[in-house]
Structure formats: C-alpha cells, structure tokens
Amino acid sequence: MAKEMPGPTDTPAAEEAATGTSPPAALFRLGIASRLLLAFLAVTVLAIAANLIAEHGTSIIETTQFRTIVAPQAPVAAPPAAHAAPVRARNAPVVVGAAAFLAALAEADRAIHARVESPGAKTDGELTTALEELTRQTTTYWQPSGAAPGDRRAKPPALLGTLRDDGAAAIRLADKRRERAAAYLAHVGTLDATMKSAIDQSWKIFGRVIARQSLIDLGRGLDALRSESSALAGASPEDGAPLVALAASEARLQATLERTQEGLKRSQGEPWVSSVQARIAALADERSALAASADELQRAAAQLAEHREAIVTLVRWRAAAALEHAAALERAAAARAIPVPAKAAPPPEPEPIVEPPVVRRVISAPPSADEVRIRQWVLWISVAVLLWMFAMSVSTILSVVRPVRRLIEATRRLSAGSTAQVPRGGIKELDVLAAAFNDMAQQLSASRDAARAHQVKLEERVQERTRALKHLAEHDALTQLPNRRRLFARLNEALAAGVISGERVGVYFLDLDNFKNVNDSMGHAFGDRVLQSVAERLQETTAAYGFAARLGGDEFTVVYPGAADTAAVVEAGQAICRAFQQPLKVGERQLNMSVSVGISIYPDHETNADALLRAADAALFRAKALGRNRLSVFSPDLVKAAVSKFSIEQGLRRAIEHDELELVYQPQVSLRSLEPTLVEALLRWRTSGGKVLCPGEFLSVAEDSGLIVEISDWALRTAIEKAATWYYGAWPNVRVAINVSPRQLRDPAFVDRVQELMAQHRLPPTCIELELTEDVLQTGAATIDALRRLRELGVAIALDDFGTGYSSLSSLELLPLTRVKLDRSLIACIDTSTGSRAIASAIIGLCASLGLEVTAEGVERTEQLEVLAANRDIQVQGFLLARPAEPDAVLAELARLPSHLRALLGMVSPAGSAAEAPERAHTGTVVRLVPR
Ligand code: C2E
Ligand code: CA
Ligand code: CA
C-alpha cells in the first residue's frame, strides 16, 4: 500500500494555516493508491458475490427438518391360524391333545417369528419357553396308547426336529439380513455425514445455505437414497421393491457424481470425491449382499412354513379321525367342543426410528445446460475484468505514486539547497508537471549559483571594505597617520605598559606655525600636500622611539612610550623642532615650516590619555603664545590659560545665541575740514555679567574655533543695517568702515552677501568701506578678484594696520585700495622717533601719489596730532579725538568732533593762522541732521 509521504503542509495544523480551512476528514486524505485499492477491493467483492450468486443462484437451499417415521416391520410370514381351526371335539383326548399341541406349535411358530423379527432377551426367552412347551406337548400328544406303529402319527417328533432347525435357520438368516440392512444404512449414514460436513462448510445467509450446484445435486441424490433406505428396515424379505428403488437411487447418485465430479473435485477436493465414490460402490455391494440374504431368509421361512403346515395337517388329520370316532359317541352323548387355543398376542409394534434432523430440501430447479454455460462465461468475464482492473489499478497507482514521490523527493532536495532533476514518466499530467518542475529547478539552481557567486563577491568586497573601513576608522585619510581613535588606543597601551615598567610616556602636541597662511595663500590642495610632508617628516623623526598621529587640521601628536626620564622626553621634543628647521619638500617647492610643540609626561603631569593630551595642548598654547618654533613643557599654571580659552569659546557660542555682541563706532576725522568723514565699526562683547570685552580678548579664540565667520557676518550685517538707519536718518553722508577677516573674504559668496545686505537695506555702496589687512594677499587671486568686484560696485577698500612688521609696498599696488590706515605702532612714536616720522611721511606721500586716502590710527596724544597735522590731507583716528562710541551716542560724538579737533589743533597752532585753520565752511555743525 502506498503510504503518503508527509509534505510541508501535511500536518493538519500546517494545512489549516496554509489554507485557512479546517482539515478534511481522514478518509478524504487517503492517497490515490489507497483509494484505488479500496475501489478495487469493492469491485472484487462485488464480482465474487455476483459470481457466487450466478453460480449458486438456483442453489439457495432451505434447511428444514422433517421426521421419517419408519413403518413397522412386517412378519416374515403370517402365523398359522391355529385358532381358526374348527376344532370342536374337545372332549376327545386326541382332540384335546391336538389342540394343546397346535397351540404350542402356534406359540413356537409365533416365538420363532417374533425372534426373527426382533432379536433380544425377551424374544429369546419366549422362544425357549415356547419350544420347551412344544416338546412337552409333543410328548403328550404323540405317545397315545392307541397309535399303531408305522402310522403317520409316529412321524411328528422328527418333523418337529426339522421344524426346530428351520426356525433356527430362519432366525440366523434374519439376523444376517438385519446386519446387512444395518450395514447398508450405516454406509448411507456415513455418506450422509460426508455430505453433511461438506454442506456445513458452505455459507449460510439468513438461514439459507449457499453451496456449489454440484454439491447440491449430489446432496439431492443422497436425500433420495436416504428416503429409499428408510423403508429398508421395515420391508419384508420377500418385498424386493425397496431394494429395486435403492438400486435406482444408487444409480442416480452415481450418475450425479460422475456428472458433477469435476466441480466437486475443485470445490471439495479429489480425496473427498474418491471417498464418496467408494462409499457409493460399497452401498451397491452391501445392497447385493442384502438381497442375497433376503432370498435365503425367504427360503428358510418358506421351509419352516412348509414343515409347520405338514405337522398341522397331520394333527388335523388325527384330530379329524378322532372326531369322527367321537362323533358317533357325541351324537349319542352331548357333544363337547374342542377348546380353542388362545389367540396369539400380536407382535409388538416396533419402535419408530427417528432420523436425525437436518435434511435438505432443494427448493429450486436444477440449472439447465445453457445456464451453466452462461455462468461459466460470467465467471471468466468477471475474472478477466478483475484482472484487467487490477492491472489498471496497479499501473495507475504506480504511474501516479511514483512520479509524485519523485516530485516530493525532488522538492525536498530543492528546498534543502541541492540540485534536483525529476526523472520523467507517469501519467501525462504528472509528466508535464515533472518537466515544468525540472525547468523551475534549473532556473532556481542557476539563480542560486548566481546568488552564491554574487554573495561570495559581496563577502569579499565586504571584507575588503571592512578592512578599508577599519583602516579609515583608525587612520587619517590624508596622511595615513593614526587618527585620534587609534592614538587613544595606542596611548592607552603605552600607559598600561608604563604602569608596569615604571617608564615615562611623553605626549607631544604639535601645531604648524602660520599654516593658516599657507592654506590661505597656496590653497587647500597645496596645504594638504604640506600636511603630508609634515606627516612624513614626523614619522621619520619619531619612528625610532614612538609614533605620530594626526588629530585634524594642522595639529599632530607624537607619543614616546618607554622614555627613561623627563629629560629624554624634552630632548625628543627639541629633536622634533630641529627636524622642522630643515625646509620641507612639497612637490618642486621648498617650504620653511616651523612647529610649536607642547609636551606632557606620564606620570609626572597626568595619568590618563585624555588628561595627558589636554595638558600637552595647554603647553602648546603657551608655546604659541611665546612665539613660533617653540617648545613648552606642561606646568600646572598652563591649565588656567587653557581653561580660559575653553571658557571664552563656550561663552562666545552663547554670546552669538543670546545676542551679547555689539558694535561701537569710532570716527575718523579729516584734518583739512576738521569734520568726521566716517566711523569704524568695532566689535564688543557684553557678557551676561555686564563686562564688556574687546576683540583682543576673544577674537583669536573665535578664529581658532571658526566662530569668526559667524561673528564677522553678524558685524557686517549689523553695521550695514545701522548705516542704513543713519543714511535714511540724520546722516545722509554716512560712511561706515567695517573690519573684514581673511576668512570672510575667502568665501566666494562674500561679495554677493555684501550686495544682498546693501540691497536689503537700500544702502548705496559708497556708504561702505571694508577694512582688511595684508593677510588677504595670502588668500590668493580669488580674493583680489572679489575686492575688484566690490570696488566696481562702489565699495571703498581700506588696508588696515599698514606699516607694521611685514607690510609690503607691493600690497598697495596689488590691492584695489581706496585707503591706507597707518598702524598704531607706527603712529605711537611718530612724535619721538624721526624714523617713524620719516616712514609715516613717506607712506603718506606714496599714498597721495597713488591717489589713496590715508588714516593715521591710534592718535592718543596732541604731539602725535601735531606731527600729523603737517599734512592736512590725511584723516586721523584715535582716543585723542574720540573713543569708540555706542550707536546711540555716535551722532552726538560726530557733532562734537569738529570743535573738539579745532580746539586740539588750536593748542598746537595759533588761532589766527588762517592758513593753518580749518576752512570755515567745515566748522560748526559738521553733521547735518537733515531729515530725508
Ligand atoms: P583695528 O581695526 O586696528 O581697530 C582699531 C583698534 O584700535 C580698536 O581696538 C580701537 O579701539 C583701538 N584704538 C583706536 N584708537 C586708539 C588709541 O588712540 N589708542 C589705542 N591704544 N587704541 C586705539 P579694538 O576695538 O579693540 O579692536 C581691535 C581689533 O579687533 C581691530 O583692530 C580689528 O582688527 C579687530 N576688530 C574690531 N572689530 C572687528 C570686527 O567687527 N570685525 C573684525 N574682523 N575685526 C574687528
Ligand atoms: Ca580697523
Ligand atoms: Ca588698525
């Protein structure tokens, strides 16, 4: 039986989950094999039943019971009617003796017959008694004194002997015949038992026995034989009819057996048929013997009767003679009757023989030859159909179950990830399914291979990327030096080793001097290459004892693990500084690049990586403050500076957010007109504590932190806004100078931003002057272009802080300037130093020849003003004239200025000197408070 393999959804729960319906009953889940087999079995049962019914259709027999009542056995011969004899001469002695003798004779005859008919102690006893009585009566009757010798009366004793012998022979032969009959009946019984057992093995349905027709036919023959044989026991020996009837029954039975023996051999087996045959033959033998013994008995009975009749005749003759003799006497005397012997008791009724029950009666007619033929056809067709159906079932099962199993197996293999090709075959639909499955499996395995290959590639790439990412995560992309993360890891390792070894660990914080300028002037790409060269130089220098890392920008770190002492650490730091005294090679160019170094030492200063780096940073701050190319070792007071820098930065961020920045305005005054020509916007930070800080206190921190961009933009915006207020208010000729950081100018959108703000506040560009330092020259050609565009717009450009350390005259030629502001340091000693005075005068002259205006900054003393006043074409700015004023106070300050300046100038020159005095037109109210 094909057992269905459980599929992925074979469990009822899974199926329910998959289909959302409850699972069907178990019967409906039988496999096709089970279903076909069930159908085949049903058809088989039907076919067998049909065949059985067809074959035994007329063989439905009824089991009933009936009794065979055996008729009483007839006597061998009628007993002599002695009583019937007309014996009347009772008084005669002969007659009386004759009567007694005849009675004894009749009794003996009756006893013999009784014994012949039924043997037994009773009949034996009666026979003996009767014979003894006969002997006695014989003696009495046959020895009368009057008998003459040779008289026939003398014979009876011999006849009696013969009679005795005849009786004995009849009894013997009767017993023999009885034995034969019993034997015959026993044979019938045996045959019947044989039949009965065969029929008992047949089927019984609803009280009916269903057996083979052949068996039924035979049973029918046997029934006839049995009923014939039942008459056997009661039949008289001379009655030959029962035996003839038996012979006929036997012949019929034999014929039936011969006809049906083939069928019976198949159903009951050959031994059974042989045994039935043998028993029928034995019956015939037994019947012949029985017939023979009946003949013998008949003969013996006839002889007995003959002898008895002879004796009776003799006795009658004697009695008649005696009667004749007595008649005479009687006629004379009263006649006396001969006593009539008592009538013999009739033989006892034989007991009826009760046959055992279960006799079958066939209630249907025997089939005809045609019917038999049809039944055989039905049988063969049924067998053929069954065989065909069986073959079909098996082939269907195989052609469904095998491919399905192969498909299931292949599906399993496929789902397990291996390749699966199903062999073709089975019914058409399954074959098509197998082909489709193979296609699908092929595509699946192809895509699986592709996916696998792709995955391998992907994994390789992921590994590669992971390595790259790890490197990237731990190294600086530009210089390939360890980054902050890696630095911390390695520094921690070094510190852990230091804890064990007790050795020192040096941490160096490096900053390139003026790298910002390099970046600004040479561009970022060049700056990057410089940083790469610096990294190489650092690696070369430190490889022997430690490693270098880059934290970002131009900040580098070096770690020196396992240093013997503080001196060794400091010596290594100096070596680093020395290494940078050699010019760096960047491409084809040689570049002088110095470094400032801050040093912290474990465990002298700090014990953990973070604190050591902060300490080194603080030391660096100090080194920077000291000037370039310096080395500074950490000391606790450096922490204060570092903390202050940090707090300024944090405060500045807050200041931007909380609007703590302000602008103050310091006027510049023309020495010729004595009127203020413009105001310079200067930044102030009013802290939350109310303290006002000047740019010197926070601007460097703002630059370092990058906050300068935001702050400068705020200043630009606020100054333009304020200028517009003045322009559209009390000061139509307003001019505001705004300080611009190099970073702002590097922004390509800066010009647009200025334009946008001016447009936004509808301020003419001529009201604005931008102040910048010579640093802008290092920011590249783009900056100069931006300045040109601003100039084209009408914005004035002033070069601030000119005349200090590195000022170059070429700046005046390169930049599109409108003004030069002489640095305070130059003005400071202009009255005391002839050199300063000469330089100032030369620059003023040069500027005049270049068409540039000049402003002298930081005029604090009247002496300075006195020197400067020699040239009335310049403007002056300084505390002597006016300190930076808050916006609201500016106009008043401006109004005050001319008279204030006149007073100042009056101190240095006589008031009457018209040539020296400012022009009248410019005296009085310089600022016209004109409403627009
Ligand atoms: P600066 O551009 O040279 O500005 C002039 C500085 O000199 C101002 O200092 C001013 O208060 C000071 N000063 C003016 N007259 C005298 C004087 O007679 N004696 C002395 N000792 N000082 C005088 P302040 O306001 O502290 O500004 C310092 C620097 O900060 C400025 O120098 C300028 O470079 C920068 N700065 C100021 N405001 C801004 C700003 O809004 N943006 C940018 N980028 N920088 C600004
Ligand atoms: Ca300035
Ligand atoms: Ca200045």
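Just so it is clear, the model here is predicted, and its values are computed rather than measured. All chains use their own residue numbering, which begins from 1 and follows the written sequence. Chain letters and ligand numbers both follow the written order, the letters beginning at A and the numbers at 1. Residue-level local features of this predicted model are given only where pLDDT is at least 70; pairs of side-chain atoms are given and counted only at 80 or more, and the full residue set underlies all totals for whole chains, interfaces and linings. Where side-chain values are given, they derive from all heavy atoms of the structure, hydrogens and water being excluded.

With that out of the way, let us pick up the overall build of the chain. Secondary structure elements are taken from DSSP: a helix is a run of H or I of four residues or more, a strand is a run of E of two residues or more, and numbering for both begins at the N terminus. Looking only at helices and strands, the chain has 26 helices and 20 strands in total. Taken over 932 residues, the chain has a buried fraction of 41%. Counting only contacts in the chain whose residues sit at least 6 apart along the sequence, the fraction spanning at least 24 positions is 72%. Element-wise, carbon and sulfur atoms account for 58% of the exposed surface of the chain, whose accessible area totals about 47,600 Å². Partly exposed describes any residue whose relative accessible area lies between the buried limit of under 20% and the exposed limit of over 50%, with all areas from a 1.4 Å probe on protein chains only and scaled to the type maximum. Two residues qualify as a contact provided that any one of their heavy atoms is within 4.5 Å of a heavy atom in the partner residue. With residues, only the protein chains shown are counted as cover, and all accessible areas are computed by Shrake-Rupley using a 1.4 Å probe.

Every protein donor of the calcium ion (ligand 3) is accounted for by Asp-800 (OD), Asp-801 (OD), Glu-857 (OE) and Glu-857 (OE), and the metal-donor separations fall at 2.1 to 2.5 Å. Only nitrogen, oxygen and sulfur atoms count as donors, using a 2.8 Å cut-off from the metal that widens to 3.2 Å for Na, K and Ca. Water is left out, so coordination shells may look unfilled. Donor residues for the calcium ion (ligand 3) sit on one chain with the sequence pattern D-D-x55-E. Asp-800 sits in the buried class, given a relative accessible area of 8%. For Glu-857, a relative accessible area of 10% translates into the label buried.

Together, Leu-379, Trp-380, Val-383 and Leu-387 give the surface a local cluster of nonpolar side chains, amounting to about 390 Å² of exposed area. Looking at the element boundaries, Leu-387 is found in helix 9 (residues 369-416). Only residues above 30% relative accessible area that lack a salt bridge enter a patch, with like-charged residues linked at up to 9 Å and the nonpolar side chains Val, Leu, Ile, Met, Phe, Trp and Tyr linked at up to 5 Å. A pairing counts as a salt bridge when a side-chain nitrogen of Lys or Arg comes within 4 Å of a carboxyl oxygen of Asp or Glu.

Here we come to the site of ligand 1. Close to ligand 1 lie 21 residues; Leu-683, Arg-684, Asp-800, Glu-860 and Phe-879 are nearest. In this structure, an oxygen atom belonging to ligand 1 sits 3.2 Å away from a side-chain N or O atom of Arg-824. In the model, a nitrogen atom of ligand 1 is placed 2.4 Å from a nitrogen or oxygen of the Glu-860 side chain. Protein coverage of the free-state accessible area of ligand 1, which is 790 Å², stands at 83%. The set of elements that each furnish at least two residues to the shell around ligand 1 consists of strand 13 (676-686), helix 17 (695-705) and strand 17 (796-802). With four residues, strand 13 is the largest single contributor of residues to the shell around ligand 1. We call a residue near a molecule or strand when any one of its heavy atoms sits within 4 Å of it. Nitrogen and oxygen atoms within 3.5 Å of one another constitute a polar contact, given that in protein one can donate a hydrogen and the other can accept it, and given that sequence-neighbouring residues count only through two side-chain atoms.

Once that is clear, we can look at the nonpolar core. Counting residues in each nonpolar core, the largest one holds 85 residues, and the members touching the most others are Val-736, Leu-770, Leu-790, Leu-865, Leu-868, Val-876 and Leu-901. A total of twelve residues in this core trace back to one element, the largest contributor, which is helix 18 (residues 707-727). Those residues in contact with Leu-865, other than ones at most four positions away along the chain, are Leu-671, Val-859, Val-876, Leu-880, Leu-901, Leu-904 and Leu-905. To qualify as a nonpolar core, a set must consist of buried Ala, Val, Leu, Ile, Met, Phe, Trp, Tyr and Cys residues joined through side-chain atoms within 4.5 Å. Core analysis: the next-biggest nonpolar cluster, separate from the first, contains 31 residues, Leu-512, Val-530, Val-569 and Leu-584 among them.

With that out of the way, let us pick up the pairing of strand 16 (residues 768-772). Moving residue by residue along a regular strand, the side chains alternate between the two faces of the sheet. Taken across its five residues, strand 16 has five buried, putting it largely inside the fold. By the bridge criterion, four bridges tie strand 16 to strand 17 in an arrangement that is parallel. Bridged to Leu-770 within strand 17 is Ile-797. When the strands point away from the viewer and the path from the first strand over the helix to the second turns clockwise, the crossover is right-handed. Taking the sense of rotation as the criterion, the β-α-β connection linking strand 16, helix 21 (residues 781-793) and strand 17 turns out right-handed. Strands pair, by our definition, only if DSSP identifies at least two bridges between them.

Scanning the entire structure with this criterion turns up 44 salt bridges. A salt bridge links Glu-286 to Arg-180; the nearest nitrogen and oxygen atoms lie 3.4 Å apart. Highlighted residues: Glu-286 in helix 8 (residues 270-332) and Arg-180 in helix 5 (residues 156-200), separated in sequence by 106 residues. In this structure Glu-286 comes out as buried when scored by relative accessible area, which is 12%. Between Arg-220 and Asp-217 there is a salt bridge whose closest N-O contact spans 3.0 Å. Of the two residues, Arg-220 and Asp-217 are both situated in helix 6 (residues 213-230); the distance of three residues between them amounts to about one turn of the helix.

This part covers the coordination of the calcium ion (ligand 2). Those donors, Glu-680 (OE), Asn-739 (OD1), Glu-771 (OE) and Asp-800 (OD), are the protein atoms that reach the calcium ion (ligand 2), and they lie 2.1 to 2.5 Å from it. In terms of primary sequence, the donors binding the calcium ion (ligand 2) are separated according to E-x58-N-x31-E-x28-D. Residue classification places Glu-680 among the buried residues on the basis of a relative accessible area of 4%.

By this rule the span expected of a helix is its residue count minus one, scaled by 1.5 Å. Here helix 11 (residues 484-501) is 18 residues long and its end C-alpha atoms lie 25 Å apart, about the 26 Å a rise of 1.5 Å per residue gives. Buried within helix 11 are the following residues: Leu-487, Leu-491, Ala-494, Leu-495 and Gly-498. Take helix 11 and look down its axis: the buried residues cluster within an arc of 105 degrees, on one side only. Residues of helix 11 that are exposed and point more than 90 degrees away from the buried face comprise Arg-485, Glu-493, Val-499 and Ile-500. Read the arc as the range of directions from the helix axis to the C-beta atoms.

Our focus in this paragraph is empty space enclosed by the protein. Both cavities and pockets are sets of points on a 1 Å grid over the protein atoms alone; in a cavity a 1.4 Å probe fits but cannot get out, in a pocket the set is open with protein on both sides within 12 Å along at least five of seven lines, and lining residues sit with an atom within 4 Å of a point. Grid points are joined across faces, edges and corners, and a volume is the space filled by probe spheres set on the points. Inspection of every chain in the model, using the stated rule, returns three cavities of 30 Å³ or more. Here the second largest cavity defines a volume of roughly 40 Å³. Arg-177, Leu-232, Ala-235, Ser-236, Pro-237, Asp-239, Pro-242, Leu-243, Leu-290 and Ala-294 are the residues that line the second largest cavity.

Now for the sheet that holds strand 7 (residues 555-563). The mixed open sheet is built from five strands, whose spatial order is 6-7-5-10-11. In this open sheet, the two strands that pair with only one neighbour each are strand 6 (547-552) and strand 11 (631-633). Each strand axis lies, on average, 20 degrees off the axis of its neighbour in the sheet, ignoring direction. Inspection of the sheet shows strand 5 (residues 504-512) paired to strand 7 by seven bridges, in the antiparallel sense. Bridged to Arg-504 within strand 7 is Ala-563. For helices, the fitted line uses only the C-alpha atoms of the stretch in contact; every axis is such a line through C-alpha atoms, and the angle between N-to-C directions lies from 0 to 180 degrees.

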